[in-house]
Amino acid sequence: MEDAARDFFVTGLRNAHAMENQALSIMKPQLARIENYPEVGAKLEQHIRETEGQIARLEEILHGLGEDHSTLKDMALSFTGAMAALGHTMAGDEILKNSFANFAFENFEIAAYKSLITVAEHGGYAGAVQGLEANLREEQLMAAWLDENIAAVTTKFLSLKERGDSAKI
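Residues numbered from 1 in each chain as written. Predicted model: local features only at pLDDT ≥ 70, side-chain atom pairs only at ≥ 80, totals over all residues. Heavy atoms only, no water.

Draft legend 1. Structural view of helix α5 (residues 126–163). Under the 1.5 Å per step criterion, the end-to-end length of α5 is 55 Å for 38 residues, consistent within 8% with the ideal 56 Å. If you look at α5, its biggest bend is around 45°, right at Asn149. Phi for Gly164, located one or two positions after α5, is positive at around 85°. (Helix = DSSP H or I, 4+ residues; strand = E, 2+ residues; numbered from the N terminus. Expected span 1.5 Å × (residues − 1). Bend = angle between axes of the 7 residues up to and from the residue.)

Written out as structure tokens, the structure reads:
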């Protein structure tokens, strides 16, 4: 039973590691394209740094268990993230689509970390909880920022569009 719980925890950590790599593959292209929304660009830049720290924390937890991340999962999810980001570039309201997708993704990450924390607590991996909680807090802060700023981004998009300026990103 202990082996099954450990395997489940390690798989969850590897999935979280791949998920964070996917997040980077979504955010970095968005940041590179930002033109008219400097507040969004600044927040993406901050969260990219946080995400890199989250990856390091996950790797530390995995190494503490004598495990490594899954390169295959990392590559697969990074690819799908890059394709999702590319798909939005064709939309006339790219900034809005990115905002919606980012908000949804942050909430997915929040759920994943809540689950991992529960597994860690019930599986006897108390040493992992602090790092997982740090990741969770950063995701919650990013989700809250997105939630609080969707109306402002939408208003700015509409204002730029009404003036005939480039509004999509």
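Draft legend 2. Seen up close, the environment of Ile110. Mapped onto the fold, Ile110 is located in helix α4 (residues 94–123). On a C-alpha basis, the gap between Ile110 and Gln140 in space is 6.5 Å, while along the polypeptide they are 30 residues apart. Once residues lying within four places of it in the same chain are set aside, the contact partners of Ile110 are Leu136, Glu139, Gln140 and Ala143. (Contact = heavy atoms within 4.5 Å.)

Draft legend 3. Spotlight on the packing of aromatic side chains. Per the stated rule, a full pass over the model turns up 2 aromatic pairs. On the basis of an interplanar angle of 15° and a centroid distance of 4.7 Å, the ring pair of Phe9 and Tyr125 is categorised as stacked. Placement of the pair is Phe9 in helix α1 (residues 2–33) and Tyr125 in the loop between α4 and α5, with a sequence separation of 116 residues. A cation over an aromatic ring shows up here: Lys156 above the ring of Tyr37, its NZ or CZ 5.4 Å from the ring centre. (Phe/Tyr/Trp six-rings, centres within 6.5 Å; stacked < 30°, edge-to-face > 60°. Lys NZ or Arg CZ within 6 Å of the ring centre and 35° of its normal.)

Draft legend 4. Just the nonpolar core, in detail. Of all hydrophobic cores here, the largest spans 40 residues; its most connected members are Phe9, Leu13, Val40, Ile95, Tyr113 and Leu132. Breaking this core down by element, the ones donating at least two residues are α1, α2 (38–64), α4 and α5. Tallying contributions element by element places α5 first for this core, with 11 residues. (Core = buried A, V, L, I, M, F, W, Y, C linked by side-chain atoms within 4.5 Å. Buried < 20%, exposed > 50% of the residue type's maximum accessible area, 1.4 Å probe, protein only.)

Draft legend 5. The arrangement of the pattern of salt bridges in detail. One pass over the full model with this rule turns up 8 salt bridges. Where Arg14 meets Glu67, a salt bridge forms, and the shortest distance between an N and an O atom there is 2.7 Å. Residue Arg14 is located in helix α1, and its partner Glu67 is located in the loop between α2 and α3 (71–88); the two are separated by 53 residues in the primary sequence. What makes Glu67 partly exposed here is its relative accessible area of 22%. Among the ionic pairs, Arg57 bridges to Glu138, the shortest N-O distance being 2.8 Å. Taken together, the residues Arg57 in helix α2 and Glu138 in helix α5 connect sequence positions 81 residues apart. (Salt bridge = Lys/Arg side-chain N within 4 Å of Asp/Glu carboxyl O.)

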